[in-house]
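Each chain, letter by letter, is given below.
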Amino acid sequence: MKKHLYKIIIVALIIILCVVSFYMLWVHVPYYNYHHQLDEVRNEICEKNNYEYMDYFVEHRGKEVYYILKVKMNGVESYVSYNKELKLVDYYQGHVADEKMVQNAILKKYKDQVSEDEVKELNIGYENNKFVYYLKVQRKETLMYIYYDLKDGAFVKAYNVA
């Protein structure tokens, strides 16, 4: 009986080793490398342009890929947008629409399609050559993107991908 128990334990340990190895090689390492690359992009932009990083960085993937950062540019809080080649595309300094107001506008306009929990995750992106708040809502059968202007909170566009 002890001999069979020993074989069962060895087989179980081998299976666990295979599962952990698979997870590390196909999930964790690519995830870590992707985020490490984004950190390097953020640091390169900030160092190259002498920005003071203000704890907001996102990779916005629309028709093109933009890196959006909140920084202090010459002592003024700003949002900057860089393309894949790390060239400045645009920047915005000024009043930003109240995020709660935009969340309420989305809930009012899309009350049957969006829940309050989903609206809590507004991001800032760069779409149609302007800075926007955007919300991505993913369901089993559809994917919806909603865009509101960062400056005044006005509706910009929305579209569904089925």
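Residues numbered from 1 in each chain as written. Predicted model: local features only at pLDDT ≥ 70, side-chain atom pairs only at ≥ 80, totals over all residues. Heavy atoms only, no water.

Undergrad: Help me understand the side chain of Ser-78 in this model?
TA: Within the secondary structure, Ser-78 sits in strand S3 (residues 76-82). For Ser-78, a relative accessible area of 1% corresponds to the buried category. Separated by 3.0 Å, the side chain of Ser-78 and the backbone oxygen of Val-76 make a polar contact. Looking at Ser-78, its side chain comes within polar contact range of the side chain of Gln-93, at 2.9 Å. Leave out the neighbours within four places in its chain, and Ser-78 touches Leu-69, Lys-70, Val-71, Met-73, Tyr-92 and Gln-93. (Helix = DSSP H or I, 4+ residues; strand = E, 2+ residues; numbered from the N terminus. Buried < 20%, exposed > 50% of the residue type's maximum accessible area, 1.4 Å probe, protein only. Polar contact = N/O pair within 3.5 Å; in protein donor to acceptor, adjacent residues only side chain to side chain. Contact = heavy atoms within 4.5 Å.)

Undergrad: Is there a simple way to think about the pairing of S3 in this case?
TA: Buried residues dominate S3, accounting for five of its seven residues. Relative to S3, strand S2 (residues 65-73) runs antiparallel, the two sharing seven bridges. Across the sheet, residue Tyr-67 finds its bridge partner in S3, namely Tyr-82. Looking at chain direction, S3 and strand S4 (residues 88-92) are connected through four bridges and run antiparallel. For Tyr-82, the partnering residue across the bridge sits in S4 and is Leu-88. What sits between the antiparallel neighbours S3 and S4 is a turn of five residues, in which Leu-86 has the positive phi angle 60 degrees. (Pairing = 2+ DSSP bridges.)

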